[in-house]
Amino acid sequence: MRVIVQNDKSRALIPKAALRCAAAALATTALVSGCSAPGSDSAARSAPGHGGPADQQARLAAEHARLAAAARHWNLDTVPLRPPAPPAVKPKITARAGFEVEGQEEENLPPVFTTVPTRRKVVFLTIDDGAEKDPAFLRMMSDLKIPYTAFLSNYLVKDDYGYFRRMQSEGHTLNNHTLTHPYLPGLSYEEQKDEICGMQAIMKRQFGKAPTVFRPPYGNYNGDTLRAAKSCGIKYAPIWDEEVFVDHWEYREDDRNLHPGDIVLTHFRGRSDWDGTMVDDMRRFLNKVTREGYAVARLEDYL
């Protein structure tokens, strides 16, 4: 997909684009040395009442063996790297240069960005729309403990909110992608507000809370989009730096590489749209990021 971001300057975007955790330079060493599970303070910290370092290492080795078995089951090249613990101090998120709108700073509008500022070798997986509801995808990501963020459009998810509640119950974040996925810059301010605030209301009703993160459909937005989003309680408007499909990658940057903190986009799609399944898509994604020494972290942990 070629994406044009419409801001107040009608700017066109540039087309989108191992170190393993000592793979098993002893599995326990790899796991203890900083590739901890998402959301944990440290893989090396012992839980109260669960024994000393030897017991902890045994548990870590058992978990690594479980992940290795899961990687084999899902036909991955190797075990995905575990992300570090969330940063104690969150990075400052600002609009990417050239992606600002008039009044961006003065009105404190939600920033549009493609990469989170971090030196950590992490990327963030984001999945849009909600059309395909593949139970195998849920099992795969649960087995491998891969975090991701879903950006949902109501017209595609309303036939099965339960699928996304299951996703949410496993720790994944559900965010706003409008009611009907329109080209927002073609709408009036009030129409854009209805699309964004209307989805906020549905998400609060169906999933228990209104998110603070919003992605404009197609990555298209203007000043009214960000003003409407802010009025609906939105604080961030991430788009993406790379997009992965079942058979190829696309890049925003000329170097066609992953970078620390990059946001990666894919979609809830299956064989009706692609020559493959969401599992195939995730296999391509995970093999590449792992081969290049990146772990997949949870976007909201950095916001």
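Basis of the calculations
Residues numbered from 1 in each chain as written. Predicted model: local features only at pLDDT ≥ 70, side-chain atom pairs only at ≥ 80, totals over all residues. Heavy atoms only, no water. Helix = DSSP H or I, 4+ residues; strand = E, 2+ residues; numbered from the N terminus. Buried < 20%, exposed > 50% of the residue type's maximum accessible area, 1.4 Å probe, protein only. Areas by Shrake-Rupley, 256 points an atom, 1.4 Å probe, with all protein chains shown as cover. Phe/Tyr/Trp six-rings, centres within 6.5 Å; stacked < 30°, edge-to-face > 60°. Contact = heavy atoms within 4.5 Å. 1 Å grid on protein atoms, 1.4 Å probe; cavity = no way out; pocket = protein on both sides within 12 Å on 5 of 7 lines; lining within 4 Å. Points joined across faces, edges and corners; volume = space filled by probe spheres on them. Nonpolar A, V, L, I, M, F, W, Y, C, P; charged D, E, K, R; others polar. Expected span 1.5 Å × (residues − 1). Arc of directions from axis to C-beta. Salt bridge = Lys/Arg side-chain N within 4 Å of Asp/Glu carboxyl O. Axes fitted to C-alpha atoms, helices over the stretch in contact; angles between N-to-C directions. Parallel < 35°, antiparallel > 145°, perpendicular 65-115°, else oblique. Left-handed = near helix turned anticlockwise from the far one by under 90°. Core = buried A, V, L, I, M, F, W, Y, C linked by side-chain atoms within 4.5 Å.

## Details of the overall build of the chain
Right, so step 1: A count of helical and extended segments in the chain gives eight helices and nine strands.
Right, so step 2: For the chain, buried positions account for 53% of its 303 residues.
Right, so step 3: Per element, the accessible surface of the chain, about 13,200 Å² overall, is 50% carbon and sulfur.

## Some remarks on unusual backbone geometry
Right, so step 1: Not every positive phi belongs to a glycine, and D129 is a case in point at roughly 85°.
Right, so step 2: Within the secondary structure, D129 sits in strand 2 (residues 122–129).
Right, so step 3: Under the relative-accessibility criterion, D129 is labelled buried at 3%.

## A closer look at the packing of aromatic side chains
Right, so step 1: Taken as a whole, this structure holds ten aromatic pairs when the rule is applied.
Right, so step 2: Ring centres of F137 and Y148 lie 5.2 Å apart, and the angle between their planes is 55°; on these two criteria the pair is classed as tilted. Here Y148 lies in the loop between helix 3 (135–144) and strand 3 (149–152) and F137 lies in helix 3, a separation of eleven residues in the sequence. Each member of the pair, F137 as well as Y148, carries the same accessibility label: buried.
Right, so step 3: Each ring, one from Y161 and one from F207, has its centre 6.0 Å from the other, and the planes form 80°; the classification is edge-to-face.

## Brief notes about the side chain of D281
Right, so step 1: Its location among the elements puts D281 in helix 8 (residues 278–291).
Right, so step 2: Apart from residues lying up to four places away in sequence, D281 is in contact with V244, F245, V246, T266 and W274.

## What to know about the environment of I239
Right, so step 1: Following the sequence through the fold, I239 ends up in the loop between strand 5 (237–238) and strand 6 (242–244).
Right, so step 2: C-alpha separation for the pair I239 and R215, spaced 24 residues apart in sequence, amounts to 6.1 Å.

## Section: the layout of surface pockets
Right, so step 1: Approximately 330 Å³ is the volume attributed to the largest pocket.
Right, so step 2: If you trace the largest pocket, you find 15 residues lining it, with I93, T94, N108, L109 and P111 closest to the centre.
Right, so step 3: Its residues placed into classes, the lining of the largest pocket shows seven nonpolar, three polar and five charged.

## Overview of helix 2 (residues 53–73)
Right, so step 1: With 21 residues, helix 2 extends 30 Å between its outermost C-alpha atoms, agreeing within 8% with the 30 Å of an ideal straight helix rising 1.5 Å per residue.
Right, so step 2: Where helix 2 is concerned, the buried positions are Q56, L60, H64, L67, A68, A70 and A71. Within helix 2, the buried residues cover an arc of 160° as seen down the axis, which keeps them to one side. For helix 2, the exposed residues set more than 90 degrees away from the buried face come down to A54, R72 and H73.
Right, so step 3: Two residues or fewer past helix 2, N75 is found with a positive phi of approximately 60°.

## Section: the pattern of salt bridges
Right, so step 1: Under the criterion given, the structure shown has twelve salt bridges.
Right, so step 2: The closest approach of N and O atoms between K288 and E292, which form a salt bridge, is 2.7 Å.
Right, so step 3: Taking relative accessible area as the criterion, K288 reaches 11% and is therefore assigned buried.
Right, so step 4: E292 sits in the partly exposed class, given a relative accessible area of 27%.
Right, so step 5: In this structure, D301 engages R298 in a salt bridge whose closest nitrogen and oxygen atoms are separated by 2.8 Å.
Right, so step 6: Classification of D301 by relative accessible area gives buried; the value is 15%.
Right, so step 7: Look at the salt bridges and you will find they share partners, linking R96, D241 and E253 into a network.

## Some words on the packing of helix 6 (residues 189–207) against helix 7 (residues 223–231)
In a pair of packed helices, the angle between the axes and the distance between the axes together describe the arrangement.
Right, so step 1: Where helix 6 meets helix 7, the axes come as close as 9 Å, and the angle between the chain directions of the two elements is 45°. As judged from the angle between their axes, helix 6 and helix 7 are oblique. Note that helix 6 runs across helix 7; the crossing there is right-handed. Across the interface between the two elements, Y189, Q192, K193, I196 and C197 from helix 6 touch D224, T225, R227, A228, A229 and S231 from helix 7.

## Here's the deal with the nonpolar core
Right, so step 1: Within the largest apolar cluster, 44 residues are counted, with the highest numbers of intra-cluster contacts made by F137, L144, L152, F164, M167, F268 and F285.
Right, so step 2: For this core, the elements supplying multiple residues, two or more each, are helix 2, strand 2, helix 3, strand 3, helix 5 (161–169), helix 6, strand 7 (249–251) and helix 8.
Right, so step 3: Excluding its chain neighbours within four sequence positions, the residues that come into contact with F268 are I127, D128, D129, G130, A131, E132, F137, A150, L152, F164, M167 and M278.
Right, so step 4: I93, L109, W240 and L299 belong to the second-largest nonpolar core, a separate cluster that totals 31 residues.

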